[in-house]
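Descriptive analysis of the structure
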Amino acid sequence: MAAAGKLSTFRLPPLPTIREIIKLLRLKAVKQPSQNRSANLKLIDKIVRKAGNLTNAYVYEVGPGPGGITRSILNANVAELLVVEKDTRFIPGLQMLSDAAPGKLRIVHGDVLTFKVEKAFPESLKRQWEDADPPNIHIIGNLPFSVSTPLIIKWLESVSCRDGPFAYGRTQLTLTFQKEVAERLTANTGGKQRSRLSVMAQYLCSVQHVFTIPGRAFVPKPEVDVGVVHFTPLIQPKIEQPFKLVEKVVQNAFQFRRKYCHRGLGMLFPEAQRVGSTGRLLQWADVDPTLRPSQLSISHFKSLCDVYRRMCDEDPNLFAYNFRDELKQRKRNTQETDEEESHRV
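What you are looking at is a predicted structure, and each value in this text was computed from that prediction instead of being measured. (Residues numbered from 1 in each chain as written. Predicted model: local features only at pLDDT ≥ 70, side-chain atom pairs only at ≥ 80, totals over all residues. Heavy atoms only, no water.)

When its secondary structure is counted, the protein chain shows 13 helices and nine strands. Every one of the 345 residues in the protein chain was classed for burial, and the buried ones make up 47%. In the protein chain, 71% of the contacts between residues at least 6 apart in sequence involve partners at least 24 apart. (Helix = DSSP H or I, 4+ residues; strand = E, 2+ residues; numbered from the N terminus. Buried < 20%, exposed > 50% of the residue type's maximum accessible area, 1.4 Å probe, protein only. Contact = heavy atoms within 4.5 Å.)

Moving on, we get to the UniProt feature "binding site: S-adenosyl-L-methionine" (unreviewed entry) in the protein chain. Under the present numbering, the feature "binding site: S-adenosyl-L-methionine" (unreviewed entry) in UniProt falls on Asn36, Gly63, Glu85, Asp111 and Asn142. Structurally, the position occupied by Glu85 is in strand S3 (residues 80–85). Taking relative accessible area as the criterion, Glu85 reaches 4% and is therefore assigned buried. In this structure the side chain of Glu85 is engaged in a polar contact, spanning 2.9 Å, whose partner is the backbone nitrogen of Asp87. (UniProt positions renumbered as here; feature names shortened; annotations may be inferred. Polar contact = N/O pair within 3.5 Å; in protein donor to acceptor, adjacent residues only side chain to side chain.)

Relative to the assigned elements, Ser277 resides in helix H11 (residues 274–285). Only 3.2 Å separates the side chain of Ser277 from the side chain of Arg280, close enough to count as a polar contact. Setting aside residues up to four positions removed in sequence, Ser277 forms contacts with Phe269 and Met311.

This part is about the packing of helix H9 (residues 243–253) against helix H12 (residues 298–314). The contact between H9 and H12 brings their axes to 10 Å, and the two run at 115°. The chirality of how H9 crosses H12 is right-handed. Across the interface between the two elements, Leu245, Val246, Lys248, Val249, Val250 and Ala253 from H9 touch Phe301, Leu304, Cys305, Tyr308 and Arg309 from H12. Considered class by class, the residues forming the contact of H9 with H12 number nine nonpolar, no polar and two charged. (Axes fitted to C-alpha atoms, helices over the stretch in contact; angles between N-to-C directions. Left-handed = near helix turned anticlockwise from the far one by under 90°. Nonpolar A, V, L, I, M, F, W, Y, C, P; charged D, E, K, R; others polar.)

The next subject is unusual backbone geometry. Although it is not a glycine, Asn56 adopts a positive phi angle of roughly 65°. Positive phi, close to 55°, is recorded for Arg162, a residue that is not glycine. Relative to the helices and strands, Arg162 is located in the loop between helix H6 (145–161) and strand S6 (172–178).

Moving on, we get to the sheet that holds S3. The sheet built from seven strands is open, its strands ordered S4-S3-S2-S5-S6-S9-S7 with mixed pairing. If you trace the sheet from one side to the other, it starts and ends with strand S4 (105–109) and strand S7 (205–213), each paired once. Direction aside, neighbouring strands of the sheet carry axes that sit 20° apart on average. Here six bridges tie S6 to strand S9 (residues 226–233), and the two strands are oriented antiparallel to one another. Bridge pairing in S9 places Thr176 opposite Val228. Sheet strands in contact with helix H5 (residues 91–100) are S3 and S4, and its direction is about 160° off that of S4. Those strands touched by H6 are strand S2 (58–62), strand S5 (137–142), S6, S7 and S9, and its axis lies near 150° from that of S6. (Pairing = 2+ DSSP bridges.)

Now the structure itself:
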């Protein structure tokens, strides 16, 4: 009982502030990866609270930087916090936190895009995907803007395959993005920000834009505000097709976002059969060809993906088709023809 009481009242000892750490270690945010760090403790605590109850939880923090969010997570009575940081300049400051919280903080110098988190936590934490309660594992991060979109796409594919962080079950995520990206992730059908990201996130997860942080709260001040987004993987995905197939259909649909949807969806098919195949796809999926891509609901995309899958099953070469490859080949052929004509002259 004494141990439990001690755990429930754990607080970090007095430490230098984040601003002092940055000054002490002569840290300067690199503009290229958009390393914007908040020094506002109330905002940092709010980000962590939006992740839910972290008491006795195992937390994976991505991009901890000088450790602002790290401190707040440790003060939330977690069982263990794993941080993965690529920038060596931040490691000494994180080590200071590790010394102040013995046995609580595990530091990995590595890249979140390649780190194998599926082996990072105890097997006993695993839950069945169908369980009502997700595993007591949380991912939290104030991501550099340059990696936030590729990383969430990578994790969404992992949700689909139930691997990576989701080998433990429906692991929840609370992450920061540029406000515009946060709005895309959560945009409703027909909304101005509706995009490929909206569909890819929402067919696999419940996605909430929980609050916005003004850019002035960060050091250095970014040119945009920051959105905090919470993801909970769905027990049943809204589209039950392979991730790469869904991604291909959605990407092509939004290829020409201001034109009718048949324009982009047509790029799923080789030019010689484009008109007929696009017509069949839309007819069999019962989708109005004059809808704009942003007007297509998840239900529309489910029908499109299901029909496209049938068409790929009938033509094994179809899924491998990429209209960009066709354009490149056409360009090469034109160049070769021009060269032959010049030699003749």
